[in-house]
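Coordinate inspection notes
These are the residues of each chain, in order.
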Amino acid sequence: MTHPDGIPEPITPDRPLRSDHDLLDWARFVHQDVRPTRSTLWVLLLDSKDHPLPLLLPIEDVPETPDACTLLEVLTFLSRLLVEHAPGGSVALLLERPGASRRGPGDRTWDAQIRTVARRMKVRVRAFFVAGTGSVLPMTLDDAA
């Protein structure tokens, strides 16, 4: 939800994020129209009933395009967190990086590769967003192709 003044409402563990719109609200809340100076991959864990865990993980200074070793490490870590703290849960991701808010080749690579490795590791990715200076854009399965 968004306040009348346009500022997204805080995301709390008691509010499930069931729809794509709910997840977009989360990404907008995290981004808040900042002008990023470095790339950060924000990770939100959701339990099996789509309630966000009270933990937001920033993975800072990620490269423009991911490497296989980094992806494997990140998803292994996320898999362990889900097993321990949110069995049957999922993740939502926001790639915040310098530059315009548009879907570029690096964004598409991040989206496609993270989804591929996540599938192999049985980590359910609910959403992947990208944000630069300005708005947050969802990456759809078509964007990853």
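Above: the structure in question.
The structure contained in this document is the topic of the report that follows. This structure is a prediction, so every number in the text was calculated from the model and none was measured.

Criteria and cut-off values
- Residues numbered from 1 in each chain as written.
- Predicted model: local features only at pLDDT ≥ 70, side-chain atom pairs only at ≥ 80, totals over all residues.
- Heavy atoms only, no water.
- Pairing = 2+ DSSP bridges.
- Helix = DSSP H or I, 4+ residues; strand = E, 2+ residues; numbered from the N terminus.
- Phe/Tyr/Trp six-rings, centres within 6.5 Å; stacked < 30°, edge-to-face > 60°.
- Buried < 20%, exposed > 50% of the residue type's maximum accessible area, 1.4 Å probe, protein only.

Some words on the pairing of strand 5 (residues 136-139)
- With four bridges joining them, strand 4 (residues 124-133) and strand 5 adopt antiparallel strand pairing. When the bridges of strand 5 are listed, phenylalanine 129 appears paired with proline 138.
- Counting the residues that bridge the hairpin from strand 4 to strand 5 gives two residues, and of these glycine 134 lies at a positive phi of roughly 115°.

Here's the deal with the packing of aromatic side chains
- Using the criterion set out here, one finds one aromatic pair in the structure.
- Judged by centre distance (6.5 Å) and plane angle (55°), the ring pair of tryptophan 26 and phenylalanine 129 falls under tilted. Within this pair, whereas tryptophan 26 is found in helix 1 (residues 20-31), its partner phenylalanine 129 is found in strand 4, the two being separated by 103 residues in sequence. Comparing tryptophan 26 with phenylalanine 129, the two get one shared label, buried.

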